[in-house]
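# Understanding the architecture of this molecule
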Amino acid sequence: MAANGSGGAHPVRTLKPGIYAPIPTFFLPDCEDLDLPSFQTHVIRVAKAGVGPLLAGSLGEAHHLSHAERTTLITTARKALDAEGLTHVPIIAGTGVGSTRETIELSKQAAKDGADAAIVIASGYFAGVLAGNKKALKQFWADVAEASPIPVIIYNFPGSCGGIDLDSELITELATEYPNLVGTKLTCGNVGKLTRIAATVSQPLFVSSHPRKDSDEPFLVLGGYVDFLVPSIFANAHGAITGLANVAPYTLAKLFELAVASLKDREVLPEAQRIQGIVAEADHTIAKASIAGTKALLERLYGYGGNPRRPLPPIEPQAAQALWDHPHTQALVKLEREFSGKHRA
């Protein structure tokens, strides 16, 4: 049993291979306060589809949230999941901020609030100093991993941290030396990097020689996009953390299921490839519309979404309509309705 929840002890929830969704943070239209009813509804929606929630990430506008709001999101999500009987679903919380000290502080608080893992990105504010300093970057994740009471995921997203792009050698070194690091999210989109890391950490000898601190699960290698999920599974990766899982959670859970099944049963592969093609086109189209575009699609699909918190602008009405009408979006929506309907049936 672990005691990293606001309500006391609960079963240890480890991260497993699969699909995770960076949950948007929803705001009330007039005052930009947290819209907790919409947030609760969405967390439950994706979790029931078999997709794990990640809170206060890039899509969740982490840099627009106060410490208190981060706590509110974690405790609200945990209570909502538990109330629906989803006590087994782990919560990942974004805790990467400016300094190592504050990142550790947020990681400790997230554990108290009920998060089961933290995902940490390097700050891009001093990227001019850090980007070329491998020693400093390695020390950052080493310090956070050793001080955090919950496992830590390395988040590599050059576009959100001033161009800092961790190479496969550094990530593999960190995975080897620090057992409280349990995975990496690669939003660099570098398939070769993903393949190199997975080739090392997915080997049985690596798993047995370098076990994680509190889990028998492997060091997870997760794509930051889902347009190459099937090829990544064949390269021994473990899934994805993807914004598209907010729009089509049942579809992506099904795609992951088929991709894994196709490793042993090649007769499943053509269907996995068909779905992967639809998903890849939609991922490319929808990602270009960023946070505001994803929220606009959620508004059309589920009746909630709203706008980002300022200074991020809302999507223009004409652009929102064009995104909804786009053939790639409509093909994904059709697939999602098919899979979600089958699940409910």
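Just above, that's the structure.
Report on the accompanying structure. These numbers were taken from a predicted model, which means no experiment stands behind them.

Further remarks concern the overall build of the protein. Check the secondary structure of the protein and you find 15 helices and 10 strands. Along the longest, intermediate and shortest principal axes, the C-alpha atoms of the protein span 50 × 50 × 45 Å. Buried positions account for 54% of the 345 residues belonging to the protein. Across the protein, every contact between residues at least 6 apart in sequence was considered, and the portion connecting residues at least 24 apart equals 72%. Surface summary for the protein: the accessible area is close to 14,700 Å², and the carbon and sulfur share equals 55%. Mean positive and mean negative side-chain charge positions of the protein (31 and 34 charges, respectively) differ by 2 Å.

Let us now look at the side chain of N180. Structurally, N180 can be placed in the loop between α6 (168-177) and β8 (181-186). According to the relative accessible area criterion, N180 is buried, its value standing at 6%. Excluding anything up to four places from it in sequence, N180 contacts A145, S148, I150, P151, V152 and K213.

A few words on the packing of helix α2 (residues 67-83) against helix α3 (residues 100-113). The interhelical angle for the contact between α2 and α3, taken along N-to-C directions, is 30°, at an axis separation of 9 Å. It follows that α2 is roughly parallel to α3 by the angle criterion. Considering the relative orientation of α2 and α3, their crossing is right-handed. Two secondary-structure elements touch here, α2 through H67, R70, T71, I74 and T75 and α3 through E102, E105, L106, Q109, A110 and D113. Of the residues belonging to the contact of α2 with α3, the class tally is 3 nonpolar, 4 polar and 4 charged.

What counts, and where the lines are drawn
Residues numbered from 1 in each chain as written. Predicted model: local features only at pLDDT ≥ 70, side-chain atom pairs only at ≥ 80, totals over all residues. Heavy atoms only, no water. Helix = DSSP H or I, 4+ residues; strand = E, 2+ residues; numbered from the N terminus. Buried < 20%, exposed > 50% of the residue type's maximum accessible area, 1.4 Å probe, protein only. Contact = heavy atoms within 4.5 Å. Areas by Shrake-Rupley, 256 points an atom, 1.4 Å probe, with all protein chains shown as cover. Lys, Arg positive; Asp, Glu negative; His and termini not counted. Charge placed at Lys NZ, Arg CZ, Asp CG, Glu CD. Axes fitted to C-alpha atoms, helices over the stretch in contact; angles between N-to-C directions. Parallel < 35°, antiparallel > 145°, perpendicular 65-115°, else oblique. Left-handed = near helix turned anticlockwise from the far one by under 90°. Nonpolar A, V, L, I, M, F, W, Y, C, P; charged D, E, K, R; others polar.

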